[in-house]
Amino acid sequence: MKITEAYTIVSSPGRNFVTLKIKTDSGLYGIGDATLNGREKAVVAYLDEHVLPALIGRDAHQIEDIWHYLYRGAYWRRGPVTMSAISAVDLALWDIKAKAANMPLYQLLGGKSRERVMTYAHCTGQDIETCLEEVQKHVDLGYKAVRVQAGVPGIKTIYGVAKTPGERYEPADAAIPAEHSWSTEKYLNHAPKLFKAVRERFGDELHVLHDVHHRLTPIEAARLGKAVEPYHLFWLEDCVPAENQESMKLIRQHTTTPLAIGEVFNSIHDYREMIENQWIDYIRTPLSHGGGITGLRRLADFAGLYHIRTGFHGPTDLSPVCLGAAVHFDTWVPNFGIQEHMAHDPLTDEVFPHDYRFENGHFIAGEAPGHGVDIDEDAAARYPYKPASLPVNRLEDGTLWHW
Ligand SMILES: O=C(O)[C@H](O)[C@@H](O)[C@H](O)[C@H](O)CO
Ligand SMILES: [Mg+2]
C-alpha cells in the first residue's frame with residue numbers, strides 16, 4: 001500500500017492546530033496531530049520541507065521502518081519539533097493500518113485491558129471558593145478525578161487560572177508572549193490550603209491532582225510534597241523542570257506524594273534515569289510529542305517494568321486526533337494510570353469529527369476502524385491560523401523564571 005500524497009492542514013477553530021493527512025493508493029487515508037503549542041509553524045516547515053516529500057511512494061504498512069528512517073535517518077535526533085513531526089506521521093500510519101485491518105486501533109495494539117479510561121478535568125478559580133465551585137460542577141458531571149489550581153493572593157496572573165470566572169482557560173493568548181509574575185513563597189504558603197479545603201468539602205474518594213508547572217527547585221518541591229501528604233493527592237505534576245533528571249531523586253527521598261512528569265519530554269532518553277531509579281510514578285508525554293504510538297508504546301512498556309503508569313497530557317492544545325488515539329492507547333496499555341481531559345472548544349469538535357465519548361468520568365473508545373478521528377477540511381479552512389504564544393514568567397524582581 002503506497003503513500004501517494006501527504007500534506008499539513010493548519011487551522012484555528014478556537015485555537016491553532018496542525019494536522020497531517022496521509023493518503024494511499026488503496027483509497028485509505030490516515031490523520032495525525034502535529035500541533036506544538038506556540039511553535040506550530042516550525043513543525044509545519046519541518047514536515048513540508050523535510051519529511052513529507054520523502055514519504056511519497058513508501059509502503060504505509062512499514063511503520064517501524066519509517067519511524068527509524070525519520071529518527072535515525074535525520075541525523076539530528078530528538079527535540080520537540082522533530083518528534084512532533086515524527087509523531088504525526090506515526091499516528092497517521094497507525095490510523096491507516098487499523099483501517100486496513102478493519103479494526104479499531106485498540107484491537108490492533110493488543111485488545112482491551114479495560115472497558116473505560118478514567119479521565120481528569122481542570123478546575124480553576126481565582127480563589128479557593130471559586131475553585132471548589134468548579135470541582136462541584138465537575139463532580140456533578142461525573143468526574144472521579146479533578147485537577148485543582150487556584151489563584152494565590154498577591155500574585156496577579158498565575159498558570160492554570162482563567163482571567164475571569166467561568167471563562168475558558170487558554171494560556172497561548174497573545175502573538176507576543178504575555179508576561180506573568182511569580183512568588184514561590186506566596187505559592188508555597190497558600191497551596192496546601194487549597195487541598196485541605198477540597199478534602200474537607202469532597203471527602204477522601206475524589207482523585208485530586210495539581211500542576212506546579214515547573215516552578216520550584218527540588219528542595220521547595222520536597223517541602224510542598226511533604227506538606228500535602230495528609231490530602232493524599234493522586235499526583236503532583238511537573239514540580240521542577242527536571243532537565244536534570246536527578247532532581248526527582250531529592251524530591252522522592254522526602255515525600256510519599258506521587259510524582260508525574262514529562263509533558264515537555266519527547267523521548268525515552270529524557271526519562272531513563274528517573275524510570276530506572278523509580279523516582280517518578282507517572283509519565284506525561286502525549287502521543288503527538290513522543291514519537292506517536294511507536295514511541296509511546298516503547299516508553300510505556302519500559303516504565304511498566306518499574307511500576308510506573310501512564311498519565312498522558314491532554315490539554316486543548318492537543319487536537320482531538322491526539323486525544324482519540326490516546327483513548328485507544330489507554331484502552332490497551334497494561335500500565336494505564338489516568339488520561340487528562342480539557343474540553344475542546346465546540347468549533348474544534350466541529351472541525352474534528354470523532355467517535356470517542358465521555359461517560360461518567362471516563363472515556364470510551366469508539367469501534368470505527370482506525371483511531372476514529374477525522375478532519376473536515378472545508379470546516380478547517382474557515383478558521384485560519386492566528387499567531388499565539390505561551391506566556392513567559394518573571395519573579396517579582398524581574399528575573400525570567402519558568403512558566
Ligand atoms: O498539564 C497541562 O495540561 C499542561 O501543563 C498545560 O496546561 C500546558 O500549560 C499547555 O499544554 C502548554 O501548551
Ligand atoms: Mg502540566
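Scoring rules and cut-offs
Residues numbered from 1 in each chain as written. Chains lettered and ligands numbered in written order. Predicted model: local features only at pLDDT ≥ 70, side-chain atom pairs only at ≥ 80, totals over all residues. Heavy atoms only, no water. Salt bridge = Lys/Arg side-chain N within 4 Å of Asp/Glu carboxyl O. Helix = DSSP H or I, 4+ residues; strand = E, 2+ residues; numbered from the N terminus. Buried < 20%, exposed > 50% of the residue type's maximum accessible area, 1.4 Å probe, protein only. Donors = N, O, S within 2.8 Å, 3.2 Å for Na, K, Ca; no water. Expected span 1.5 Å × (residues − 1).

Looking up the protein chain in an unreviewed UniProt entry gives the name D-galactonate dehydratase family protein, with the organism given as Larsenimonas suaedae.

Details of the pattern of salt bridges
Under the defined criterion, the tally for this structure stands at 22 salt bridges. Notably, a salt bridge pairs R284 with E237, separated by 3.0 Å at the nearest N-O pair. Of this pair, R284 sits in the loop between β10 (282-283) and α10 (292-304) while E237 sits in strand β8 (residues 235-237), placing them 47 residues apart in sequence. Relative accessible area serves as the criterion here: at 0%, R284 is assigned to the buried category.

Focus on the coordination of the magnesium ion (ligand 2)
Six octahedral donors at a metal ideally form angles of 90 or 180 degrees, and four tetrahedral donors ideally form angles of 109.5 degrees. The coordination sphere of the magnesium ion (ligand 2) contains the protein donors D211 (OD), E237 (OE) and E263 (OE), at a distance range of 2.0 to 2.1 Å. As a motif over one chain, the donors of the magnesium ion (ligand 2) read D-x25-E-x25-E. Placement of D211 in strand β7 (residues 207-211) and of E237 in strand β8 is noted, with a sequence separation of 26 residues between them. The burial state of D211 is the same as that of E237; both residues are buried.

Considering helix α3 (residues 80-100)
Helix length check: α3 (21 residues) gives 30 Å between terminal C-alpha atoms against 30 Å at 1.5 Å per residue, within 8%. The buried count for α3 comes to 16 of 21 residues, which makes it a mostly enclosed element. Note on α3: the residue one or two positions beyond its end, N102, has a positive phi of about 60°.

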